[in-house]
Amino acid sequence: MGYYDDDYESPSRQKGNRGGKFLPALLGAILGGLLVLFTVPALGGAGLLPDNLYPPNEEENGLGTDENVEQRKVDVDLTTNVTDAVDKASGAVVEVINIQQTDFWSQQPAGTGSGVIYKKEGNKAYVVTNDHVVADANQIEITLSNGTKLKGTLRGTDPLMDLAVVEIDGSKVDSVAEFGVSGDLKRGEPAIAIGNPLGNFPGSVTQGIVSSADRSIPVDLDQDGNPDWQAEVIQTDAAINPGNSGGALINISGQVIGINSSKIAQNEVEGIGFAIPSDVAKPIIEDLEKYGETRRPFLGVNIIPLSQVNTYQREQTLKIPNSVQEGVVVMEITSASPAARAGIKEMDVIVEMGGEKIKDPIALRKFLYTKAKIGDEVDVTFYRDGKKKTVKVELSGGQQSQ
């Protein structure tokens, strides 16, 4: 009761005490603020604050004039050997649309691929693509790199080599591809693929290397599980996706070294694509353009590599000397063929043709398709029952593989 009354009844004394404490505090706060106000610029000058709070005066430093701003710009030249190569070749790479009849009244695109303009002559131009890109087409539409759409006329196809030639209006064509020599390719050299992946990205470019310049892969044309052909291809890790088929594989000089054809499409596989070498494609393209079919010399034999024959069969059946390690074994002969007329028989081991060593089936086909002509008479050397023989064979034309 007493403490309450004293506190309540003496307000003047209580206020006086509070005022005495507050005034010194207020003065201290004012003085502290003045100290901070005058100290902060000094701290900033000492570098204790971020530099961006006090940006330098560019004009005073001579950096704000137009002339000096230009000096600070860095010119970056993005031109490389790759971009030069792409610029050189991309104008000749086109989109190929396979249009098929869906019913009596309508047609629609059944597939899309790529192609390469390889020749322009007068008012006509010619596109090479894959056979499987234009297979069963009722109509072919070609879209140039600038977007111009043209009607295509199929000149000829070669299912064995997966090549086709399409004729278009040459008056609209400005770019023609330059073909290089695929026989000079080396593993590891740059390889650039240009095409229309997925049918939605025309002119797409992917880069890689030549993984193998002379790969051989089986081709099963009739899908019976037995290879009908061993295709000679370029292997590359440049991305080749659906829609790239028929497009260009170019070298660092912008020359076409291959026609993109296929890839291994498995979940566990990356970067294994294939292209038809330009050296193989060129004579076929010329025939398709001129004759509508491939006119190639053939021997008329079905062969396997000698390397696939085991030691027992080499000694007991073929009876060839141990010194003979390379060649091809004749497994079957086509009746009335050049080989049959020359007296070649089954189980003969061919080791040489026209002075060229025949190490395997690829070497035999390479000789027939690149070094021989229909009507040529060539010497064929082979082993029969351990004895070496040579006969003359007059090559004829046909669609047989060898």
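Residues numbered from 1 in each chain as written. Predicted model: local features only at pLDDT ≥ 70, side-chain atom pairs only at ≥ 80, totals over all residues. Heavy atoms only, no water.

A look at the overall build of the protein
And step 1. Tallying secondary structure elements over the protein gives ten helices and 20 strands in all.
And step 2. Once local pairs closer than 6 in sequence are excluded, the contacts in the protein between residues at least 24 apart make up 61%. (Helix = DSSP H or I, 4+ residues; strand = E, 2+ residues; numbered from the N terminus. Contact = heavy atoms within 4.5 Å.)

Digging into the sheet that holds strand β5 (residues 149-158)
And step 1. One closed barrel holds the six strands; their spatial order is β1-β2-β3-β6-β5-β4, and the pairing between them is antiparallel. Adjacent strand axes in the sheet meet at a mean angle of 40°, parallel and antiparallel pairs treated alike.
And step 2. Bridge analysis of strand β4 (residues 139-143) against β5 gives four bridges, and the strand direction is antiparallel. Along β5, the bridge assignment pairs Glu-141 with Lys-151.
And step 3. Lying over the sheet, helix α7 (residues 278-291) contacts β2 (107-121), β3 (124-129), β5 and β6 (163-169), oriented at roughly 55° with respect to β6. (Pairing = 2+ DSSP bridges. Axes fitted to C-alpha atoms, helices over the stretch in contact; angles between N-to-C directions.)

Observations regarding the packing of aromatic side chains
Remark: the centre distance and the inter-plane angle together describe each pair of aromatic rings, the angle taken between the planes.
And step 1. Under the definition given, this model contains two aromatic pairs.
And step 2. Note that Arg-295 overlies the ring of Tyr-291, its terminal NZ or CZ placed 4.6 Å from the centroid. (Phe/Tyr/Trp six-rings, centres within 6.5 Å; stacked < 30°, edge-to-face > 60°. Lys NZ or Arg CZ within 6 Å of the ring centre and 35° of its normal.)

What about α7?
And step 1. Under the 1.5 Å per step criterion, the end-to-end length of α7 is 19 Å for 14 residues, consistent within 8% with the ideal 20 Å.
And step 2. Of all the positions in α7, only Ser-278, Val-280, Ala-281, Ile-284, Ile-285, Asp-287, Leu-288 and Glu-289 are classed as buried.
And step 3. Immediately beyond the C-terminal end of α7, within one or two residues, lies Gly-292, with a positive phi of roughly 85°. (Expected span 1.5 Å × (residues − 1). Buried < 20%, exposed > 50% of the residue type's maximum accessible area, 1.4 Å probe, protein only.)

Section: the pattern of salt bridges
Close approach of charged atoms allows side chains of opposite charge to pair.
And step 1. Under the defined criterion, the tally for this structure stands at ten salt bridges.
And step 2. Where Glu-141 meets Lys-149, a salt bridge forms, and the shortest distance between an N and an O atom there is 3.8 Å.
And step 3. For Glu-141, a relative accessible area of 22% corresponds to the partly exposed category.
And step 4. Residue Asp-158 pairs with Arg-296 through a salt bridge whose shortest N-O separation is 2.7 Å. Here Asp-158 is found in strand β5, whereas its partner Arg-296 is found in strand β13 (residues 296-298), with 138 residues between them in sequence. (Salt bridge = Lys/Arg side-chain N within 4 Å of Asp/Glu carboxyl O.)

Some details on the pairing of strand β7 (residues 190-195)
And step 1. Counting buried positions over the six residues of β7 gives five, a clear majority of the element.
And step 2. The pairing of β7 with strand β10 (residues 248-250) spans three bridges and is classified as antiparallel. Following the sheet pairing, Ile-194 is matched in β10 by Ala-248.

A look at the nonpolar core
And step 1. Among the nonpolar cores identified, the biggest contains 41 residues, and Ile-117, Leu-163 and Ile-168 are the most heavily contacted of them.
And step 2. Every residue in contact with Ile-117, bar those within four places of it in the chain, is listed here: Ala-92, Val-94, Ala-125, Tyr-126, Val-127, Leu-144, Ile-168, Val-173, Ser-175, Val-176 and Ala-177.
And step 3. Membership of the second largest hydrophobic core comes to 21 residues, among which are Val-328, Ile-358, Tyr-369 and Val-391. (Core = buried A, V, L, I, M, F, W, Y, C linked by side-chain atoms within 4.5 Å.)

Considering the environment of Gly-343
And step 1. Relative to the helices and strands, Gly-343 resides in the loop between α9 (338-342) and β16 (349-353).
And step 2. What makes Gly-343 partly exposed here is its relative accessible area of 33%.
And step 3. Considered as a pair, Gly-343 and Val-391 are 48 residues apart in the sequence and their alpha carbons are 7.9 Å apart.

Some remarks on the environment of Pro-297
And step 1. Its location among the elements puts Pro-297 in strand β13.
And step 2. Residue Pro-297 is classed as buried on the basis of its relative accessible area, which comes to 5%.
And step 3. Look past the residues within four positions of Pro-297 in its chain and what remains in contact with it is Leu-368, Tyr-369, Ala-372, Lys-373, Ile-374, Leu-395 and Ser-396.

Some details on the confidence of the model for the protein
When pLDDT is low, close inspection of the predicted coordinates is not appropriate.
And step 1. Mean pLDDT over the protein: 83, with 79% of residues reaching 70 or higher.
And step 2. Note on residues 1-23: pLDDT under 50 across the span, and three contacts to partners over four residues away in sequence or across chains.
And step 3. Taken as a whole, residues 34-56 scores under 50 in pLDDT and shows six contacts with residues more than four places along the chain or in a different chain. (pLDDT = per-residue confidence, 0-100.)

Brief notes about the side chain of Thr-129
And step 1. Along the polypeptide, Thr-129 turns up in strand β3.
And step 2. Assessed through its relative accessible area of 0%, Thr-129 is described here as buried.
And step 3. Not counting residues up to four positions away in its chain, the partners in contact with Thr-129 are Val-96, Ser-114, Gly-115, Val-134, Asp-162, Leu-163, Ala-164, Val-166, Ser-245 and Gly-246.

Description of the pairing of β3
And step 1. Of all six residues making up β3, five are buried, and the element is well covered by its neighbours.
And step 2. Direction of pairing for β2 relative to β3: antiparallel, over a ladder of five bridges. Each bridged residue has a counterpart across the sheet, and for Val-116 the counterpart in β3 is Val-128.
And step 3. Adjacent in sequence and paired antiparallel, β2 and β3 are bridged by two residues, among which Gly-122 carries a positive phi angle near 65°.
And step 4. Pairing between β3 and β6: six bridges, direction antiparallel. Among the inter-strand pairings, Ala-125 is bridged to a residue of β6, identified as Ile-168.

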